[in-house]
Amino acid sequence: MKIDLANIAGTPGARGRFAISERIRASEGAACVGPVTGELTVENAGSLLLIRGRLRARLRMSCVRCLAEGELDLDLEIEEEFASEGAGADIETIDREEPELAAISDYVLDAHEFVRQQVVAGAPMSFLCREDCRGICPQCGADLNRSPCDCAVTPGDERWAKLGELLKDGARGG
Ligand SMILES: [Zn+2]
Ligand SMILES: [Zn+2]
């Protein structure tokens, strides 16, 4: 959805409210289940356009330990500022790492791009299928959530004790 902000941008104090429902493509490591929904308010605060609101998304991600897929809800509090100074000029994003991905140009907000950026930025870096996921054995590849394998090493195992000794030696040496 494209949102025309010309009226708001041209009138200090003006504000508009927009219902959002955008289907976005999967970002790296996270797929979106269903549309991202919510509401955004765009307000002309003089030299700034403020975009505030809330977006909700359901993400499908792979567990970093066992690679099993799971879903999580993302509830994003939106608060973005765009400079609106310079009549006729493109509104440029402030404090954005990738200015080339500006979601506003010529006073039109690309809601799809804006939502995509917000979800990508708000998605967790990693996902655990459950707090105590045991992951996959790095040696035999067994899913340790299902059953322990023969090569599973547990804390207290003498191999861990040896590793502890090595680490202690390293600390002394450094
Ligand atoms: Zn897992
Ligand atoms: Zn194993």
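Residues numbered from 1 in each chain as written. Chains lettered and ligands numbered in written order. Predicted model: local features only at pLDDT ≥ 70, side-chain atom pairs only at ≥ 80, totals over all residues.

(A) Geometry of the overall build of the protein. On a plain count of helices and strands, the protein comes out with three helices and eight strands. Along the protein, helices and strands appear, N-terminal first, in the series β-α-β-β-β-β-β-β-β-α-α. For the protein, long-range pairs separated by at least 24 residues make up 54% of all intrachain contacts whose partners lie at least 6 apart in sequence. (Helix = DSSP H or I, 4+ residues; strand = E, 2+ residues; numbered from the N terminus. Contact = placed C-beta atoms within 7 Å.)

(B) Local environment of unusual backbone geometry. Backbone geometry places Leu67, a non-glycine residue, at a positive phi of 70 degrees. The residue Leu67 is located in the loop between strand S4 (48-62) and strand S5 (69-83) in this model.

(C) Up close: helix H2 (residues 111-122). With twelve residues, H2 should reach 16 Å at 1.5 Å per residue; the first-to-last C-alpha distance of 16 Å fits that figure. Residues of H2 that are buried include every one of Phe114, Val115, Gln117, Gln118 and Val119, and no others. The inward-facing, buried residues of H2 abut strand S2 (15-22), strand S3 (30-45), S4, S5 and strand S8 (108-110). (Expected span 1.5 Å × (residues − 1). Buried ≥ 20, exposed ≤ 12 C-beta atoms within 10 Å, placed from the backbone.)

(D) Structural detail: the environment of Cys129. By the element assignment, Cys129 lies in the loop between H2 and helix H3 (158-173). C-alpha separation for the pair Cys129 and Glu69, spaced 60 residues apart in sequence, amounts to 7.2 Å.

(E) Just the sheet that holds strand S1 (residues 2-4), in detail. Taken together, three strands build an open sheet; the order of strands is S1-S8-S7 and the sheet is antiparallel. For this open sheet the edge positions go to S1 and strand S7 (104-105), each flanked by a neighbour on one side alone. By the bridge criterion, three bridges tie S1 to S8 in an arrangement that is antiparallel. Residue pairing for S8: Lys2 is matched across the bridge by Asp110. Across the sheet, H2 lies against S1 and S8, angled at about 50 degrees from S8, the strand it touches most. (Pairing = 2+ DSSP bridges. Axes fitted to C-alpha atoms, helices over the stretch in contact; angles between N-to-C directions.)

(F) Inspection of the nonpolar core at higher detail. Judged by nonpolar contacts, the single largest core of 24 residues is most densely connected at Val36 and Val42. Going through the elements one at a time, helix H1 (6-9), S3, S4 and H2 are the ones with two or more residues in this core. Considering each element in turn, this core owes the most residues, six residues, to S4. Non-local contacts of Val36, meaning those with residues more than four positions away in its chain, are made with Ile20, Glu22, Ile24, Leu55, Arg56, Ala57, Val115 and Val119. (Core = buried A, V, L, I, M, F, W, Y, C linked by C-beta atoms within 7 Å.)

(G) Local environment of the confidence of the model for the protein. Looking at the protein as a whole, the pLDDT averages 82, with 76% of positions reaching at least 70. Mean pLDDT in the protein bottoms out at strand S6 (residues 92-93), which sits at 46, and peaks at S2, which reaches 96. A low-confidence stretch, residues 86-100 stays under pLDDT 50, and its non-local contacts, those more than four residues away or across chains, total 18 contacts. (pLDDT = per-residue confidence, 0-100.)

(H) Structural detail: the pairing of S4. Strand direction decides the pairing type here: S3 and S4, joined by 13 bridges, are antiparallel. The residue bridging Val42 from the neighbouring strand is Ile51, located in S4. If you look at the hairpin formed by S3 and S4, you'll find two residues sitting between the two strands, and Gly46 has a positive phi there, around 80 degrees. Alignment of S4 against S5, held across 15 bridges, turns out to be antiparallel. The residue bridging Arg60 from the neighbouring strand is Glu71, located in S5. A loop of six residues connects S4 with S5, the two strands running antiparallel in sequence, and Leu67 in this loop sits at a positive phi of about 70 degrees.

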